[in-house]
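Close look at the chain arrangement
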Amino acid sequence: MTSFSDLKITRQYQNALEELGFEKPTPIQIKAIPAIRSGQHVIGIAQTGTGKTAAYLLPIFHKIGYAKGTAARCIIIVPSKELVVQLVEQVTELTPYTDIRYVGIYGGVGRKAQAKAIHEGADIIISTPRRLLELYEKEHIQLNKVETMVLDEADRMMDMGFRGQINAILEVVPTKKQNLLFSATFSARVEELSWNFMDFPVKIEITPEATPVETVEQVRYDVPNFLSKIRLLQHLLADEESFHRIIVFVKTKKTANAVFNALSFIASEQKRLIHSNKGQNTRINAFKDFKEGKIRIMISTDVMARGIDIKDISHVINFDVPTVYEDYVHRIGRTGRAFRTGAAITFVTKADKYHVKKIEEKIRMFIPNRLIPESVEITETPFHENQEMERAIDQQKIKDDPNFKGAFHEKKSYKSKIKQKKTKRPPKYTGKTNSGYISKTKKVKRSSKKGRHKK
Ligand code: ADP
Ligand code: MG
């Protein structure tokens with residue numbers, strides 16, 4: 001079994017690792033640390049939560065050695081402010097016994113304090129792409145001494161459209177330097193980026209693309225509509241003991257607000273909302289409080305989905321199914337991190353089934369179906385919501401078969417069809433076990449007030 005001392009990690013870092021409770025290196029660390037230390041360009045691909053950060057930080061610390069001069073010798077680029085903050089924290093935890101100086105910079109706040117910190121001297125600069133360029137253009141950052149450059153969460157950066165900015169950064173840093181690229185997935189765009197970024201890299205790939213960590217228990221509930229999802233969510237969250245730290249992922253800012261408001265029975269100091277419209281400080285604080293365990297429930301859009309590391313998350317709840325399938329892996333990667341166990345629960349409407357199938361193909365796993373508890377009230381789907389779902393289903397069919405005409409647009413008598421369905425008697429529930437399967441959402445429609453399973 002490989003240990004950190006086998007990887008020639010010096011005593012001062014071994015002490016820090018011990019204090020952090022890192023007993024042995026993770027697979028990506030075992031492979032990437034020697035490769036990076038030998039000076040090669042390295043592409044590191046490993047699933048979320050497997051310790052990629054320390055895999056590049058530790059060799060970088062060894063290379064830097066100690067505080068020297070004022071110009072940065074290493075820059076690390078990550079896609080979001082939250083990741084900058086988190087990375088700074090990780091650097092802090094790993095460097096209590098060295099004098100290495102580092103600074104985290106990101107947009108949305110004034111440049112002055114950041115410029116000042118840089119002027120005072122930083123060996124490592126951790127930044128989002130745009131802010132690095134801004135400060136460089138204003139001549140607050142000297143980049144000609146950079147010896148190591150890291151692109152972390154490269155897949156996310158590509159998804160977020162940082163391509164142009166990364167290219168602009170590559171224009172102004174020395175060409176002769178060590179380049180490192182880390183990512184959970186090796187998509188075509190990441191591969192293309194790597195061609196620009198590095199010559200003859202070694203590629204270290206730990207698991208096949210997009211394998212969810214095995215410690216995460218995954219389940220799905222088939223839920224017919226928004227309001228029923230809210231009811232189910234309320235039911236689940238009422239169990240405070242097992243649901244002790246939860247991220248609820250939603251599709252849009254609007255849904256985020258609606259879900260937040262629907263959880264009015266939960267004390268406000270237990271829950272927080274973050275999405276890209278929230279102010280910089282609100283986001284950072286919410287993130288920090290959640291991480292420290294001060295709040296129990298975080299409702300979030302995908303801004304938080306990738307790379308954010310929070311320990312002991314008991315549950316990830318996908319209130320909406322992500323339509324960017326990789327996001328599913330990233331979202332559920334929030335739980336079950338670093339040898340812990342967690343659970344991921346996904347709410348699935350009839351319009352989401354298509355996406356769930358694609359996700360299952362991607363992760364090469366079947367997400368088992370769990371029946372909605374009897375006490376949860378299932379409401380009838382409002383006309384507009386149903387229409388929207390039918391439209392989405394049509395679009396999915398068209399996507400798979402361009403010749404498909406689209407049932408939704410085709411049938412003029414659509415409204416009457418709905419009516420017909422509504423008057424149908426709700427079928428009896430038979431499934432009692434977890435393996436039971438509610439096959440069609442329309443079958444769970446029942447009168448809104450009376451509850452289910454009335455005998
Ligand atoms: P990734 O970047 O691969 O998503 P991180 O680097 O954020 O993952 O690490 C995930 C979590 O695992 C962090 O909480 C980190 O502190 C922890 N961790 C990293 N390396 C080890 C290790 N060798 N042993 C135990 N925990 C580790
Ligand atoms: Mg990471």
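Look up: the structure comes first, before these words.
Residues numbered from 1 in each chain as written. Chains lettered and ligands numbered in written order. Predicted model: local features only at pLDDT ≥ 70, side-chain atom pairs only at ≥ 80, totals over all residues. Heavy atoms only, no water.

With 18 residues, helix α15 (residues 383–400) extends 26 Å between its outermost C-alpha atoms, agreeing within 8% with the 26 Å of an ideal straight helix rising 1.5 Å per residue. Within α15, burial applies to N386, Q387, M389, E390, I393, D394 and Q396. (Helix = DSSP H or I, 4+ residues; strand = E, 2+ residues; numbered from the N terminus. Expected span 1.5 Å × (residues − 1). Buried < 20%, exposed > 50% of the residue type's maximum accessible area, 1.4 Å probe, protein only.)

A few words now on the nonpolar core. Nonpolar side chains in soluble globular proteins generally cluster together in the buried interior. One finds Y56, L58, F61, I76 and I124 to be the most contacted residues of the largest nonpolar core, which totals 38 residues. Among the secondary structure elements, those contributing two or more residues to this core are α1 (11–20), α2 (27–37), α3 (52–64), β2 (74–77), α4 (81–94), β4 (124–127) and β6 (178–183). Element by element, the count of residues in this core is highest for α3, at 8 residues. Excluding residues within four positions of it along the chain, Y56 makes contact with I36, I76, L87, V150, D152, L180 and F182. If you look at the next biggest cluster of nonpolar residues, it comprises 32 residues, including I105, L151, V190 and M198. (Core = buried A, V, L, I, M, F, W, Y, C linked by side-chain atoms within 4.5 Å. Contact = heavy atoms within 4.5 Å.)

Moving on, we get to unusual backbone geometry. Peptide bonds are mostly trans, and most non-glycine residues show a negative phi. Although it is not a glycine, E153 sits at a positive phi angle of roughly 55°. Of note, E153 is situated in the loop between β5 (148–151) and α7 (154–159). Using a relative accessible area of 10% as the deciding quantity, one classes E153 as buried.

Two numbers describe how helix α13 (residues 325–332) lies on helix α14 (residues 353–363): the axes approach to 9 Å, and their chain directions differ by 70°. In terms of axis orientation, α13 runs roughly perpendicular to α14. When you trace α13 past α14, the crossing you get is right-handed. Of α14, the residues touching α13 (which contributes Y325, E326, Y328 and V329) are Y354, H355, K358, I359, K362 and I363. (Axes fitted to C-alpha atoms, helices over the stretch in contact; angles between N-to-C directions. Parallel < 35°, antiparallel > 145°, perpendicular 65-115°, else oblique. Left-handed = near helix turned anticlockwise from the far one by under 90°.)

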